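# Structural description and commentary
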Amino acid sequence: MSTLLEIKSSVLRQVQVCPSFRRRTEEEPASSSTEVQEPAAGAWKPGDGVEFFAQMRLILKKGESRQGLPCPEVLLRSSSPAPTEPVDPSRGLRALTQEEVEMLYEEALYTVLYRAGTMGPDQVDDQGALLSYLQQVFGSSPEEHAEAVERVKKAKAPTYALKVSVMRAKNLLAKDPNGFSDPYCMLGILPASGTLREPGPHKEQRFSFRKGSKRGGPLPAKCIQVTEVKSSTLNPVWKEHFLFEIEDVSTDQLHLDIWDHDDDVSLVEACRKLNEVIGLKGMSRYFKQIVKSARANGTAGPTEDHTDDFLGCLNIPIREVPVAGEDRWFKLEPRSSASRVQGDCQLVLKLITTQRDTSMSQRGRSGFLSYLLLLSRLLQFEHQAEEPNSSSWRGELSGPAATVLCLHGAQSNLSALQLAVLHWQVSSRHHQTRTLDYGYLLGLLEDMQAHWEEAASLPQEQEEGLADSFSAFSEFGLRLLRHLRDYFPATNSTAVYRLELLLKCLGKLQLFQPSFEICPFETELNMDIAAALKRGNREWFDKLLNSQSPREQPGPQRLAGLVKLADTVYEDLQSCYGIYASLFHSIIKIDFFTLTFRQLERLVAEEAWVLTEELSPKMTLEVASGLFELYLTLADIQRFWSSIPGRDSRSLALAGIHAPFLPAVKLWLQVLRDQAKWRLQGAVDVDTLEPMDSSSKHSSSAATASLCFSHIQELWARLAWPDPAQAQGLGTQLSQDLCEAALFYTELLRKKVDTQPGAAGEAVSEPLCVVLNDVELLRKAAGQALRGLAWPEGAPGLEGALPRPLLSCMQALDEDLQREARTVTAHLTSKMVGDIRKYVQHISLSPDSIQNEEAMAPLLKYLDEKLALLNASLVKENLSRVLEALWELLLQAILQALGANRDVSADFYGRFHFTLEALVNFFHAEGQGLPLESLRDGSYKRLEEELRLHQCSTRECIEQYYLDKLKQRSLEHNRFGRLSVRCHYEAADQRLVVEVLHAADLLPLDANGLSDPFVIVELGPPHLFPLVRSQRTQVKSRTLHPVYDELFYFSVPAEACRRRGACVLFTVMDHDWLSTNDFAGEAALGLGSIGGVARPQVGGSARAGQPVTLHLRRPRAQVRSALRMLEGRNNKEAQEFVKRLKELEKYMEADP
């Protein structure tokens, strides 16, 4: 036990040499007592440590969500239905009077009852179903409906007309020698009276404008139209439009011929003149007259040389034309079965009405207006069948509704552009009264845009109506964008998608702006959108401010609300960047994020400046806590802006905002220091000094301490104080507080473990193991936390280098905690000292008859058992500490055993040498334990040297004494001075020549600050040179740099100079006249390496070799150990050698 106490006291003496936080704490007046210093409670209750750090964790968690730039995947957290958008019934189309409703009802019935053409597969062909549907739409009773139907049936049927657009033909036959044709078209209507024709006796024949047919009645000339001639082509493009009146929709046909023109006569002009001819009878005669007149009016030669060639014909019954019209390719047909034709012709056909016997037509209401009113009525009716709060209706009309609209649009001769305009006008107005899907509205705009590029401009009245719809919709959209956060929250993916579609709709409106003669927008639409967004931002902020931090409240009450407001603003800016910004920029080219950030940042900064100025004179702990949290959010807002490439925070209104927060931050950090100590004390109080679980080896209080330090580090990183000088002051104070808290925790642990009852006979204390693990975990956590407390240096330094004050703080704390770990390790291993001594004594008392392995087996078994327990209880670093401590205990125990046994056999020392090597392998554990370098250092070298010397003979020990002198090196070359000598061996005379040249920088050993030095020259070991006496130089008075230049001759054989340990020893002494001489230093020079001994000397006895400068030193421990070994021997040779050296050693002072 005394040995352990000696080790502990030695360790403590070494540790006390270094400055530490523990010593600095103990030197403070308030900490002079040995009791653990309690943290000052101040305005916080002692139990507030838990609550304080819980609040601190919330602050840190808030900061975790602000790391880096936000991504949409994180922000879009909900796919629930979008918030309901505001609707206003007054923003729809004007409500109709009862008379107008009845007129519209009549118009719809008239459209259904007098339909013409073929119904499509997706249309309702049942007239009764269509009429019944209209009855529901207009809410008529059966009697009223029947009366209305009967009245419409009695009305005059409409006048029908067929619109024919001859677009192009392809793959026609080549009739001209050049491989092409000069095609033109002749087309007209075959009335019902001309449909009968006589069959030929041999071939079936089709009607042709140039081949006669037997017809009963005349064919008016105005029924024939001719296109232009397209020269030299087989794929002509005409794009000519014609309108034909229809007498009988059910029986009339459209007939079209394509001919190859063979002279220069203008067929169009000829046909125009022939249209003035009336009264001709007979189809064949009539068309012959056309050709004859064409020839007569032309400049060509005889008619018989210019006969046009037939290329194909078409016969299309009017009743087969779809009610919606059609655009299709028709395959050309021959006149007869003998005709050879090929190719196709593209026609656009549409059956319309030119006169309608309805009240709306009689009052001059255009089909455009009628369709608009009818579509509005049907849309309202259809939408009513949907869910009341549905905003996803895409205008899907039922079969009857779509059929009625198709019939009316075709009969009213509305173009595709007009239909697209009408659907947009009605749907966009309806959307403002009852929400529709924006995708549907966007589709209407895209459809209108596609037709706009193809068709001519609208009539002015219709264009004005479209412009009004654009203005109304843009006004409605701007109102929604003003309340962007309410109707399109960034966390709702459904609402964000609706916003995207709305912006696309507004973007489409911008594309129409240059196309209007009457512009619906006074300014650029994106300027209006930007103005609406700014206004919305201000309204949103003011509403937030009034609800959370009204200016009427006192400053301390406003502070908490302003913190919430700043947090809300930050979250909103995240949404703006992650969600809204890309939409606004990509669709309508508005930098919404910059616009919003600049505006909100300025507003928040204004509130923060005002509030900090008001609260500065009223600084309390509660106010400081609120201001600290507020500053963290404001700093996050600044960093958010700076993290975006190309943005500079120096231009922000928040630049320099940190200055008024400095007093609050300092006060809050003081509170943090006290609360950390309360938290640690509370954690230790409830700690049972047992591992938390099977996977950890530390206790609960260490985990709490580690978490506290981690939170402090994270908090400093979030604080990121921008002023370097102030940051250094804050960081230095915080690092010192953290170090004090760490030492405070270790003192609490020490007191805690001292109160733990120990199990009797327990060699390995589990509480001590847990405490040791706690200290190691604390050391790592505190070191990591301190590294995280680095602050920006004012002067440029190495990248990543820690500031010097922080580095010093880290090193001092690490030394303190390492010392604490060593202290706990000493306590832990002190219980094993007695057992280790017992097993070492067992080895020393074992008889020579038993094997070495058997003698040391109990010790290895004991160590194996205890180290297994330690390995299970300690972390790797602490296990290494315990192994090092046990290793030192074992070495000391063996050294004591050797000291207690003198004049024993060589086998005794051989056994301990075997034991030592076995223990080295045991503690090294094939690289899993201690490294060999540390095992073979320190006390091991001393022990190994003693064991080796104990096994040597007396002469071998004496030789070792001189070998140690030769190996010895001066640690401080200039401390004891230098001696210059020159040596060589003269083989002819068999003598050694030693020349002492001079010395320099000797120690001043006299009172006058000088010395009277002389040099003793001797050869050793004595048994190699038994007849050689030592020689000495003259005394040089009062000098530290004596010059001797003296030669000394030693008659010795060369073989003796080559022996192991042979050397010349120079001892510098200070001559004193009235007292004994003083030792000044010594140096040794091996004889084996001098000239003439190692190699033959050239030039006989002449001097050879270069001067050698030897650094003087004093004998060190390893030299004196050989001397002590010889002292323990009783033989004459050892005693005489020791006696001789004692005379010199009494002059030597201990090496400081």
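Everything below is about the structure shown above.
Residues numbered from 1 in each chain as written. Predicted model: local features only at pLDDT ≥ 70, side-chain atom pairs only at ≥ 80, totals over all residues. Heavy atoms only, no water.

## As for the sheet that holds strand β1 (residues 159-170)
Pairing within the open sheet is antiparallel, and its 4 strands lie in the order β4-β1-β8-β7. Looking at the sheet topology across the chains shown, the edges are occupied by β4 (237-246) and β7 (326-331). Taking each pair of neighbouring strands and ignoring which way they run, the sheet shows an average axis angle of 25 degrees. Bridging between β7 and strand β8 (residues 344-355) involves 6 bridges; their strand directions are antiparallel. Its bridge partner being in β8, Lys-331 is matched across the sheet by Asp-344. (Pairing = 2+ DSSP bridges. Helix = DSSP H or I, 4+ residues; strand = E, 2+ residues; numbered from the N terminus. Axes fitted to C-alpha atoms, helices over the stretch in contact; angles between N-to-C directions.)

## Details of the sheet that holds strand β13 (residues 1043-1051)
Pairing within the open sheet is antiparallel, and its 4 strands lie in the order β13-β10-β9-β16. The strands lining the two open edges of the sheet, one partner per strand, are β13 and β16 (1108-1111). Across the sheet, the mean angle separating the axes of adjacent strands is 30 degrees when strand polarity is ignored. In this structure, strand β9 (residues 978-986) lies alongside strand β10 (residues 991-1000), joined through 9 bridges in antiparallel fashion. In the sheet register, Cys-983 faces β10, and the bridge partner there is Val-994.

## Let's talk about the pairing of β10
Most of β10 is tucked away: 8 of the 10 residues are buried. Linking β9 to β10, which pair antiparallel, is a turn of 4 residues; within it Gln-990 sits at a positive phi near 50 degrees. As paired strands, β10 and β13 are joined by 7 bridges and run antiparallel to one another. The partner of Val-993 across the bridge, within β13, is Tyr-1049. (Buried < 20%, exposed > 50% of the residue type's maximum accessible area, 1.4 Å probe, protein only.)

## Re the pairing of strand β14 (residues 1063-1070)
The buried count for β14 comes to 8 of 8 residues, which makes it a mostly enclosed element. Taking every second residue as pointing to the same face, both faces of β14 are buried, with Cys-1063, Leu-1065, Thr-1067 and Met-1069 on one and Val-1064, Phe-1066, Val-1068 and Asp-1070 on the other. Pairing analysis gives 8 bridges linking strand β11 (residues 1013-1020) to β14, with the strands arranged antiparallel. Bridging across to β14, Pro-1013 finds its partner in Asp-1070. Pairing geometry for β14 and strand β15 (residues 1078-1086), over 8 bridges, is antiparallel. In the sheet register, Met-1069 faces β15, and the bridge partner there is Phe-1079.

## Thoughts on the side chain of Glu-106
With respect to the helices, strands and loops of the structure, Glu-106 is situated in helix α5 (residues 98-113). In this structure Glu-106 is buried but unpaired, with Arg-151 as the nearest side chain of opposite charge at 5.3 Å. When neighbours within four sequence positions are excluded, Glu-106 is seen to be in contact with Val-152, Asp-357, Thr-358 and Ser-359. (Lys, Arg positive; Asp, Glu negative; His and termini not counted. Salt bridge = Lys/Arg side-chain N within 4 Å of Asp/Glu carboxyl O. Contact = heavy atoms within 4.5 Å.)

## Examining helix α28 (residues 852-873)
Here α28 is 22 residues long and its end C-alpha atoms lie 32 Å apart, about the 32 Å a rise of 1.5 Å per residue gives. Remark: the principal bend of α28, roughly 35 degrees, maps to Pro-858. (Expected span 1.5 Å × (residues − 1). Bend = angle between axes of the 7 residues up to and from the residue.)

## Some points on the pattern of salt bridges
Using the criterion set out here, one finds 36 salt bridges in the structure. Of the charged contacts, one joins Asp-125 and Arg-115 as a salt bridge, the two residues approaching to 3.1 Å between their closest N and O atoms. In this pair, Asp-125 is assigned in the loop between α5 and α6 (127-138) and Arg-115 in the loop between α5 and α6, connecting sequence segments 10 residues apart. Since its relative accessible area comes to 23%, Arg-115 is described here as partly exposed. Of the charged contacts, one joins Glu-740 and Lys-677 as a salt bridge, the two residues approaching to 3.9 Å between their closest N and O atoms. Of this pair, Glu-740 sits in helix α24 (residues 724-754) while Lys-677 sits in helix α22 (residues 662-685); the two residues are 63 residues apart in sequence, bridging distant segments of the chain. Relative accessible area serves as the criterion here: at 9%, Lys-677 is assigned to the buried category. Here the salt bridges share partners, and the residues they tie into one network are Glu-776, Arg-779, Asp-814 and Arg-881.

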